[in-house]
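Overview (structure and organization)
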Amino acid sequence: MAIIERPSSDVAVTATAPATVTPTSSQGALKRPVSARGWREWLFTVDHKKIGIMYGVVAMFFFIVGGVEALLIRLQLAAPEGRFLSADQYNQMFTMHATTMVFLFAMPMAAAFANYFLPLQIGARDVAFPRLNALSLWLLVSGGIVLNLAWFLGGAADGGWFMYAPNSGPVFSPSNGVDFWTVGLQIAGIASLIGSINLIVTVLNMRAPGMTLMKMPVFTWMILVVQFLLVFSLPVITVALVLLMFQREYGATFFDVSAGADPLLWQHLFWIFGHPEVYVLILPAFGIISEVLPTFARKPLFGYPFVVFSGAAIGFVGFGVWAHHMFAAGLGPVSVAVFSIATMAIAIPTGVKIFNWLLTMWGGKIWYSTAMKFAIGLVMLFTVGGLSGVTHSVAPSTTQQTDTYYIVAHFHYVLFGGMVFGLFSGFYYWWPKVFGRMLNERLGSWNFWLMVIGMNMTFGPMHILGLQGQPRRMYQWTEARAGEGFFNLAFWNVVSSIGSFILAVSVLVFLVNVWKTWRAGKQAPLDPWDARTLEWLTTSPPKAHNFDRIPVVHHLDEFFHRKYEEDTATHTMRPVTDGASLVEEEIRNADANIHLPSSSYWPLVLAVGISTLGLGVLYGVPVMVIGAATVLLSSFGWVLEPSVAPETDFEDPSHGDGHTKEVVPLG
Amino acid sequence: MDTATAETQGEAHDEKHEHMSDAGYIRIALILAAITALEVSTYYIDFGPFFMPSLMIMMVAKFVMVVSYFMHLKFDNKVFSFLFYTGLALALFVYIVALATFKFFLQ
Amino acid sequence: MADTMHAAAHAADHGHHSATGLSNNKLAMWLFLGSECLLFGGLISTYMLYRGRVSDGPHPSQVYDIPFTSVSSFVLLMSSLTMVLAVTSAQRNDDSKTNLWLTVTALLGATFIGGQVYEFTTFYREGMGFTTSLFTSSFYTLTGFHGVHVSVGVILLLATVGIIKRNKVTGNKAESVELVGLYWHFVDIVWIVIFTLVYLIPA
């Protein structure tokens, strides 16, 4: 954003009159957007906090889109012989619901939290590659647009989010929905791959002095494991998508059985990515509650090394279990047995975490804030989902469960009860830090309870529906097949559909909470929860440069240990200072020269170029050429641009009054 | 921290001073060329049961030599090796297992 | 004031102040190469699975020209040597030698691509189209992806020459050349695997 010069005299650095910095000279053809205000400030930013917020907004938007898609599904299934959606529309709906939720909501929302908080938690001023960070964001936005363009251009993808071959080929999926899906996902995949490299290097290289790996907060650790999962699993789905793309666009026969192709090739490639992907989805939520639970139990996390190592173990073993998604595909008994055992094994490190969280709460003085409620909710609901997952690992029983609603129940318990609850816990926990205001706790309570009730009402019955024999991905069920008795398919489907609308209301309550807080929310104290980790050693919201002085770390839970000292007599921790005073002290000792990377056009331009190149696969060589040219040009522009705009691009507006070039923080 | 100290500290972490002279690299290149010639000779000479094992060994030898010497991984910080070889190991694992389920190694 | 700002910018670019003491860019490149192992592994596995499935068109043994491909492989291998010489020249701060070796590397790489183009057109004329059979689709996809990587590498090499000539390198020059080198060597080691598995081991 800017180069911040501090006058030598002791001046309280508060956000009074922002010095507007305007470029006075041009560098080459275009000036760097260093002075950007308003929407341009956001469009060209490389600040991890702004990028994090934009990820969050985009993700929330797609959460609602995906949610609406789900409600339409539940409306269709509420009654027998539903005629609300045609079979074709239904196929598009469940495909896009899942694709949207996984790739356009869950991953970007985790990216939002990771982008905003990881640098803060490790005491850094930004990520390792700020422009690449912006590129990831804009690629994600482009990918989301391409994926959803299909709705308006002949119908969305309709082969299921796992897009099994040969159903996904041109013969059985003739509309161009799958084409947009393939290209859109490739683009989003590149975004995540770049992001993963960025965050790994950030964690390795940009930790504050004294922060060894085993002093990092658990959220940071979980995000690190996720990035390793992404960096090594994304190329595999890239291959799958390329093969599918070449089949659909250029007539290759990779999944054409008549040419000798084996449909299982797709399944292997997809699930070698797809299984690590589900750990990509859940580990950030695990990381969030590993911060929330200790804070609101007023106890340190129980067994920190176990939580860290089990996270790494889950990541590692997660690469070895993918074929448990293929138990009914005809792999043969040897393969099935091997993967069955591996899948049972992976339940162990997950169980370790659950016990560590429970033991964190045991004996603590629990503060039932909304964030804490969601965290406890995760522990309970994820356990339910995990248990049904264990039943899936038993191959004989999964042969009955496969392709029924029992599976749908399992993954919604772990994804909604697990991941979504974790994210909501994070919202309520970190909202004061990001926006300087507290979300309303009463509305939060309504949000939580409606979500618990709605979620269990929607997905609980699906266990029963599955065991009663309702298959997945069937656009209709009939009276004749509903079964005997009162508690048959008809009953449970109605319950589930009602539950889904209660869920929708709970999300609405959250949005109302956000809106009300935005308009007139309570100003947040600097450290409202008496938290433990470094991101709280900042103003709310943090300044552009995060920390006035890079902290030197001596402890795990460094922030906590600066506020509390051990009383050797009673062996309890007693407070010696509070968060606000600590931040004031940092301000008084601020670094004299802080240098931040400047905004840039190139990430956005390059993202547009890459997307155009992708669309060129669908729309022909001229479009590809334009895309390729844009990519080439913007790559050169990027490489030739130093990370900080030269001094001549800034104008010092206030000569001599001592305050120069300080840029107003967010808010 | 003045820049001079920073640079020496950084270099101490980063890499030892160049072990290989240009002549050393040329020697490695000649060895690689010789192995390549041996590989190509399998096209002309019947290696019998040694065909597969020797080709695989030669392929791996060339691979490791380029990575260790030309890419300098042998002399650099172990973190780089960890990052690269983890990717390689994972690739070998998942793809060999996947091919195995296709009974690829039984033909 | 300007001096301290420049010093700060200089230090950050060097990456010497990192928690590990290692360079950001170098870590990123090795991570990227690690992930590329999974990309090429997938393409190679697809080829290995499908190489014998010749529903139409020629069988691999009918089209592969081992002597020709051996020469191309040798050319690419030697380009790795010239790449290393470029890196050592850059480390000695010898811009003209660096540019010389980078250019030679690019030329050798372009020669390899020329060889690939010739090979593909010959195969095509012999009835081996992209969609002819699973073998042909997999072959062209694998070697095509590799070829695109080599071509991008050639562009990278020439771009680096241009940027060094105009003295517009942002950051550490020797490191930039080293990172281009890492990418280039990776493209070479992928070919080492492809040459053996695809060409030398008969289907």
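Treat the numbers as computed from the prediction; the structure is a model and nothing was measured.

Regarding the overall build of chain C
What chain C contains, in helices and strands, is seven helices and zero strands. Along chain C, helices and strands appear, N-terminal first, in the series α-α-α-α-α-α-α. Considering only C-alpha atoms, chain C reaches an extent of 70 × 35 × 25 Å along its principal axes. Counting all 203 residues of chain C, 63% fall into the buried class. In chain C, the share of contacts with a sequence separation of at least 24, taken over all contacts with a separation of at least 6, comes to 79%. Accessible area for chain C stands at about 7,100 Å²; split by element, carbon and sulfur atoms hold 62% of it. Chain C carries 10 positive and 12 negative side-chain charges, and their two centres are separated by 4 Å.

Looking at empty space enclosed by the protein
Residue and element names in this part refer to chain A. Scanning the entire structure with this criterion turns up nine cavities of 30 Å³ or more. Roughly 400 Å³ of volume is contained in the largest cavity. In terms of lining residues, the largest cavity is bounded by 32 residues, among which M107, A111, A191, S192 and L230 are the most central. Elements with a contribution of two residues or more to the lining of the largest cavity: α3 (87–121), α4 (130–149), α5 (177–205), α6 (218–250) and α7 (264–297). For the lining of the largest cavity, the element with the highest residue contribution is α5, accounting for ten residues. Its residues assigned to classes, the lining of the largest cavity shows 22 nonpolar, ten polar and no charged.

Examining the packing of α6(A) against helix α2 (residues 24–50) of chain C
The geometry of α6(A) relative to α2(C) is characterised by a closest axis approach of 8 Å and an angle of 35 degrees between their N-to-C directions. Seen from above, α6(A) lies across α2(C) with right-handed handedness. The segment α6(A) lies against α2(C), with A:F228, A:V231, A:F232, A:P235, A:V236, A:T238, A:V239 and A:L243 engaging C:L31, C:G34, C:S35, C:L38, C:L39, C:G42, C:L43 and C:T46. Taken together, the residues that form the contact of α6(A) with α2(C) break down as eleven nonpolar, five polar and no charged.

Focus on a nonpolar patch on the surface
A cluster of nonpolar side chains, A:F302, A:F355, A:L358, A:L359 and A:W362, forms an exposed patch at the surface whose accessible area comes to about 570 Å². Considering the arrangement of structural elements, one finds A:L359 in helix α9 (residues 333–361).

Re the side chain of A:S611
All names here are of chain A. With respect to the helices and strands, the residue S611 is situated in helix α17 (residues 602–619). For S611, a relative accessible area of 8% translates into the label buried. Residues within four places of S611 in sequence aside, it is in contact with S142 and I187.

Examining the nonpolar core
Residues A:F105, A:W266, A:F421, B:F84, C:Y64 and C:F139 are the most contacted members of the largest nonpolar core, which totals 300 residues. The biggest single contributor to this core is α6(A), with 23 residues. The contact partners of A:F105, leaving out residues within four places of it in the chain, are A:A59, A:F62, A:F63, A:T100, A:M419, A:V420 and A:L423.

Side note on the interface of chain A and chain C
Listed per partner, the contact involves 43 residues of chain A and 43 residues of chain C. Buried surface at the junction of chain A and chain C, both sides included, amounts to about 3,400 Å², of which 73% is carbon and sulfur. Viewed at the interface, chain C and chain A are joined by zero salt bridges. Counting every contact that joins chain A to chain C gives eight residue pairs in polar contact (both at pLDDT 80 or more).

Details of the pattern of salt bridges
Residue and element names in this part refer to chain A. Counted according to the given criterion, the structure contains 21 salt bridges over all chains. The residue D591 makes a salt bridge to R125 at a minimum N-O spacing of 3.3 Å. Taken together, the residues D591 in the loop between α16 (579–588) and β6 (593–595) and R125 in the loop between α3 and α4 connect sequence positions 466 residues apart. Owing to a relative accessible area of 24%, D591 belongs among the partly exposed residues under this scheme. For R125, a relative accessible area of 15% puts it in the buried group. In this structure, the salt-bridge partner of K543 is D548, at a minimum N-O distance of 2.9 Å. One exposure class covers both K543 and D548, and it is buried. Salt bridges sharing common partners tie together R549, E558, R562 and E586.

A few points about the interface of chain C and chain B
Many descriptions give the size of an interface as the accessible area lost when the pieces come together. In this complex, chain C contributes 46 residues to the contact, which on the side of chain B involves 47 residues. Joining chain C to chain B, the criterion identifies two salt bridges. Contributions of two or more residues to the side of chain C that touches chain B are made by α2, α4 (66–91) and α7 (173–200) of chain C. Residue contributions to the side of chain C that touches chain B peak at 13 residues, all from α2(C).

Structural notes on the packing of α3(A) against α4(A)
Residue and element names in this part refer to chain A. Two numbers describe how α3 lies on α4: the axes approach to 11 Å, and their chain directions differ by 165 degrees. Accordingly, the angle class assigned to the pair α3 and α4 is roughly antiparallel. With respect to the hand of their crossing, α3 and α4 are arranged in left-handed fashion. Counting all contacts with α3, which are made through M96, T99, F103, L104, P108 and N115, the residues of α4 involved are N133, L140, G144, L147 and N148. Tallied by class, residues from the contact of α3 with α4 come to six nonpolar, five polar and no charged.

Focus on the confidence of the model for chain C
Residues and elements named next belong to chain C. On average, residues of chain C carry a pLDDT of 92, and 92% of them reach 70 or more. When mean pLDDT is taken per element in chain C, α2 scores highest with 98 and helix α1 (residues 2–14) scores lowest with 41. A low-confidence stretch, residues 1–16 stays under pLDDT 50, and its non-local contacts, those more than four residues away or across chains, total 22 contacts. As scored by the predictor, the complex reaches a pTM of 0.92 and an ipTM of 0.92.

Cut-off values and rules
Residues numbered from 1 in each chain as written. Chains lettered and ligands numbered in written order. Predicted model: local features only at pLDDT ≥ 70, side-chain atom pairs only at ≥ 80, totals over all residues. Heavy atoms only, no water. Helix = DSSP H or I, 4+ residues; strand = E, 2+ residues; numbered from the N terminus. Buried < 20%, exposed > 50% of the residue type's maximum accessible area, 1.4 Å probe, protein only. Contact = heavy atoms within 4.5 Å. Areas by Shrake-Rupley, 256 points an atom, 1.4 Å probe, with all protein chains shown as cover. Lys, Arg positive; Asp, Glu negative; His and termini not counted. Charge placed at Lys NZ, Arg CZ, Asp CG, Glu CD. 1 Å grid on protein atoms, 1.4 Å probe; cavity = no way out; pocket = protein on both sides within 12 Å on 5 of 7 lines; lining within 4 Å. Points joined across faces, edges and corners; volume = space filled by probe spheres on them. Nonpolar A, V, L, I, M, F, W, Y, C, P; charged D, E, K, R; others polar. Axes fitted to C-alpha atoms, helices over the stretch in contact; angles between N-to-C directions. Left-handed = near helix turned anticlockwise from the far one by under 90°. Patch = residues over 30% accessible without salt bridge, like charges linked within 9 Å, V, L, I, M, F, W, Y side chains within 5 Å. Salt bridge = Lys/Arg side-chain N within 4 Å of Asp/Glu carboxyl O. Core = buried A, V, L, I, M, F, W, Y, C linked by side-chain atoms within 4.5 Å. Buried area = accessible area lost by both parts, 1.4 Å probe. Polar contact = N/O pair within 3.5 Å; in protein donor to acceptor, adjacent residues only side chain to side chain. Parallel < 35°, antiparallel > 145°, perpendicular 65-115°, else oblique. pLDDT = per-residue confidence, 0-100.

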